[in-house]
Amino acid sequence: MPKSKRDRAVTLSKTKKKGREHKENIVNSIREAVEQYNSIYVFSFENMRNLKFKQFREQLKSTSRFFLGSNKVMQVALGRSDSDEIRTGLHKVSKLLRGDSGLCVTNMPKEEAQRIFNEYEDYDFARTGSIATETVELKEGPLDQFTHEMEPFLRKQGMPVRLNKGVVELVGDFVVCEEGKPISPESSRILRLMGMKMATFKLNLICRWSPEDFQVYQEGLEGSDIESA
């Protein structure tokens, strides 16, 4: 019997080497970018959408580069203390790489960068597990927004529906989602059918570094870990 490809042995040292090389490439890319651009921003993101972020990045590719990934790898690239930072003050930037965050290295003027980030937001359908921003309740009666072909699918999502003379009819009030509560897989599908976009993809500036100054944008981040650095 021929051996399954799934049973093929993998040398762990090779996979570890590839992972290490990938991290080293990222570190080197960040360090090169720091030398080529005038300023660095840390930004956080909410409801990341890869395609939309790619489009945002494309719009700024003539003036900026973006880095997303492991915060620890980005911290190593910048330096995590004043003894190993690659430029003076960059360890303060490193300390603010937390959670869902990334780096933007850019030649944009400060005012332009702030305006672009502050104004940017894009709406999309909420995914399973995200928090509902409002309560959506459908009242008993005909549901004109759905075609008769959708009736079996709606029933599978837990909606009490039936066909009445070819029209989808709700036989009782139905709460799709409740404000402040996680959205279920079924609710996510129903909201998509209804065309309701509850997720807002946003980018929030955390701080800015340049050779001349360092500025923290969000209140409450000027903590002792930064001030004492």
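The model shown is predicted, which means the values in this text are computed figures rather than measured ones.

Draft legend 1. Region of the structure containing the pattern of salt bridges. In total, this model carries 11 salt bridges according to the counting rule given. With a shortest N-O distance of 3.4 Å, Arg 115 and Glu 119 are connected by a salt bridge. Within this pair, Arg 115 and its partner Glu 119 are both found in helix α5 (residues 110–119), separated by four residues, close to a single helical turn. Its relative accessible area of 41% is what places Arg 115 among the partly exposed residues.

Draft legend 2. Summary view of the nonpolar core. Counting residues in each nonpolar core, the largest one holds 22 residues, and the members touching the most others are Ile 30, Ile 40, Leu 78, Val 93 and Leu 103. Put simply, the parts of the chain that give this core at least two residues each are α1 (12–36), β1 (39–46), α3 (71–78), α4 (90–95), β3 (101–106) and β10 (199–209). Setting aside residues up to four positions removed in sequence, Val 93 forms contacts with Ile 40, Val 42, Leu 78, Leu 103, Cys 207, Trp 209 and Phe 214. Listed in part, the 18 residues of the second largest apolar core include Ala 132, Leu 143, Leu 154 and Ile 183.

Draft legend 3. Quick peek at unusual backbone geometry. Phi at Asn 47 takes a positive value of approximately 55 degrees, unusual for a residue other than glycine. Its place among the elements puts Asn 47 in the loop between β1 and α2 (50–59). Residue classification places Asn 47 among the partly exposed positions, given a relative accessible area of 32%. With phi around 55 degrees, Lys 165 is a residue other than glycine that occupies positive phi space. In this structure, Lys 165 sits in the loop between β7 (161–164) and β8 (167–170).

Draft legend 4. Representation of α3. Of all eight residues in α3, six are buried, a share of seventy percent or more. Taken together, the buried positions of α3 are occupied by Asn 71, Val 73, Met 74, Gln 75, Ala 77 and Leu 78. Two to three positions downstream of the cap, the backbone nitrogen of Lys 72 sits 3.3 Å from a side-chain oxygen, assigning the N-cap of α3 to Ser 70. Two residues or fewer after α3 comes Gly 79, characterised by a positive phi angle close to 105 degrees.

Draft legend 5. Fine view of the side chain of Ser 130. Within the secondary structure layout, Ser 130 lies in the loop between β4 (121–124) and β5 (136–138). Residue classification places Ser 130 among the buried residues on the basis of a relative accessible area of 17%. Of the polar contacts made by the side chain of Ser 130, one reaches the backbone oxygen of Arg 127; its length is 2.6 Å. Those residues in contact with Ser 130, other than ones at most four positions away along the chain, are Lys 181, Pro 182 and Ile 183.

Draft legend 6. Expanded view of the packing of aromatic side chains. All chains considered together, the criterion is met by 10 aromatic pairs. On the basis of an interplanar angle of 35 degrees and a centroid distance of 6.4 Å, the ring pair of Phe 66 and Phe 117 is categorised as tilted. Of the two residues, Phe 66 is situated in strand β2 (residues 64–68) and Phe 117 in helix α5; the sequence distance between them amounts to 51 residues. Like Phe 66, the residue Phe 117 is buried in the burial classification. Grouped by ring-pair contacts, the aromatic residues Phe 43, Phe 53, Phe 56, Phe 66, Phe 117, Tyr 120 and Phe 201 constitute a single cluster. For Lys 197, the ring lying beneath its charged end belongs to Phe 125, and the centroid distance is 5.5 Å.

How each quantity is defined
Residues numbered from 1 in each chain as written. Predicted model: local features only at pLDDT ≥ 70, side-chain atom pairs only at ≥ 80, totals over all residues. Heavy atoms only, no water. Salt bridge = Lys/Arg side-chain N within 4 Å of Asp/Glu carboxyl O. Helix = DSSP H or I, 4+ residues; strand = E, 2+ residues; numbered from the N terminus. Buried < 20%, exposed > 50% of the residue type's maximum accessible area, 1.4 Å probe, protein only. Core = buried A, V, L, I, M, F, W, Y, C linked by side-chain atoms within 4.5 Å. Contact = heavy atoms within 4.5 Å. Polar contact = N/O pair within 3.5 Å; in protein donor to acceptor, adjacent residues only side chain to side chain. Phe/Tyr/Trp six-rings, centres within 6.5 Å; stacked < 30°, edge-to-face > 60°. Lys NZ or Arg CZ within 6 Å of the ring centre and 35° of its normal.

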